[in-house]
Amino acid sequence: MKREKNLETMLVITVGLLVLHLVFKTKGLLIASVVVGLVGVFSDFLSDKITWVWTKFATFLGNINAHILLSVIFFIFLTPIAFIFKLTKKDNLKLKNQKGTVYEERNHLYKAEDLENVW
């Protein structure tokens, strides 16, 4: 199973380098993809080390990206929404100007039809 994982990782790196070669037209990326592909096929030791480094790098990037994306979502979406609600000054929870209870009395006579389609 470990050999298959190493080969899979080396194939992903090789294809990634080939795509970068097609985009940037750099001969060094083509040579690097051939070298990584050959290392993956012929050297179990080196492919194991490259897979370990690649996995650690991917884990590091995943942790950084999670924090960055959550921060961006918070500051771009949630903060303006909070400011808009603050500007409207509508007290939906009735937390301000409490005079006694916050319960509203509702004189409603329930009928059988009220319970047929609750949602």
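So, here's what we can say about the structure.

Procedures and definitions
Residues numbered from 1 in each chain as written. Predicted model: local features only at pLDDT ≥ 70, side-chain atom pairs only at ≥ 80, totals over all residues. Heavy atoms only, no water. Helix = DSSP H or I, 4+ residues; strand = E, 2+ residues; numbered from the N terminus. Contact = heavy atoms within 4.5 Å. Buried < 20%, exposed > 50% of the residue type's maximum accessible area, 1.4 Å probe, protein only. 1 Å grid on protein atoms, 1.4 Å probe; cavity = no way out; pocket = protein on both sides within 12 Å on 5 of 7 lines; lining within 4 Å. Points joined across faces, edges and corners; volume = space filled by probe spheres on them. Core = buried A, V, L, I, M, F, W, Y, C linked by side-chain atoms within 4.5 Å. Expected span 1.5 Å × (residues − 1).

Some details on the side chain of asparagine 6
In step 1: Looking at the element boundaries, asparagine 6 is found in helix 1 (residues 2-24).
In step 2: Once you skip the residues sitting within four places of it in the chain, asparagine 6 turns out to touch Asp44, Ser47, Asp48 and Thr51.

Some details on the environment of aspartate 44
In step 1: If you trace the backbone, aspartate 44 turns up in helix 3 (residues 44-88).
In step 2: By relative accessible area, which is 46% here, aspartate 44 ends up partly exposed.
In step 3: The spatial distance from the C-alpha of aspartate 44 to the C-alpha of leucine 29 is 22 Å, given a sequence separation of 15 residues.
In step 4: Here aspartate 44 is in contact with Arg3 and Asn6, once residues within four sequence places are set aside.

Some thoughts on the layout of surface pockets
In step 1: By volume, the largest pocket is sized at about 190 Å³.
In step 2: In terms of lining, the largest pocket is formed by Phe85, Lys86, Lys89, Lys90, Asp91, Asn92, Leu93, Leu95 and Lys96.

Structural notes on the nonpolar core
When a protein is soluble and globular, its nonpolar side chains tend to lie buried together.
In step 1: Ranked by size, the top nonpolar core spans five residues in total: Met10, Ile13, Leu17, Val36 and Val39.
In step 2: Broken down by secondary-structure element, the contributors of at least two residues to this core are helix 1 and helix 2 (27-42).
In step 3: If you tally residues by element for this core, the top one is helix 1, at three residues.
In step 4: What isoleucine 13 contacts, discounting residues up to four positions off in sequence, is Val36, Ile50 and Trp54.

Describing helix 1
In step 1: In this model, helix 1 (23 residues) spans 33 Å end to end at C-alpha, consistent with the 33 Å of a helix rising 1.5 Å per residue.
In step 2: Taken together, the buried positions of helix 1 are Asn6, Thr9, Met10, Ile13, Thr14, Leu17 and His21.
In step 3: Summarising the contacts, the buried residues of helix 1 are in contact with helix 2 and helix 3.
In step 4: Where helix 1 terminates, the next one or two residues include lysine 25, which has phi positive at roughly 55 degrees.

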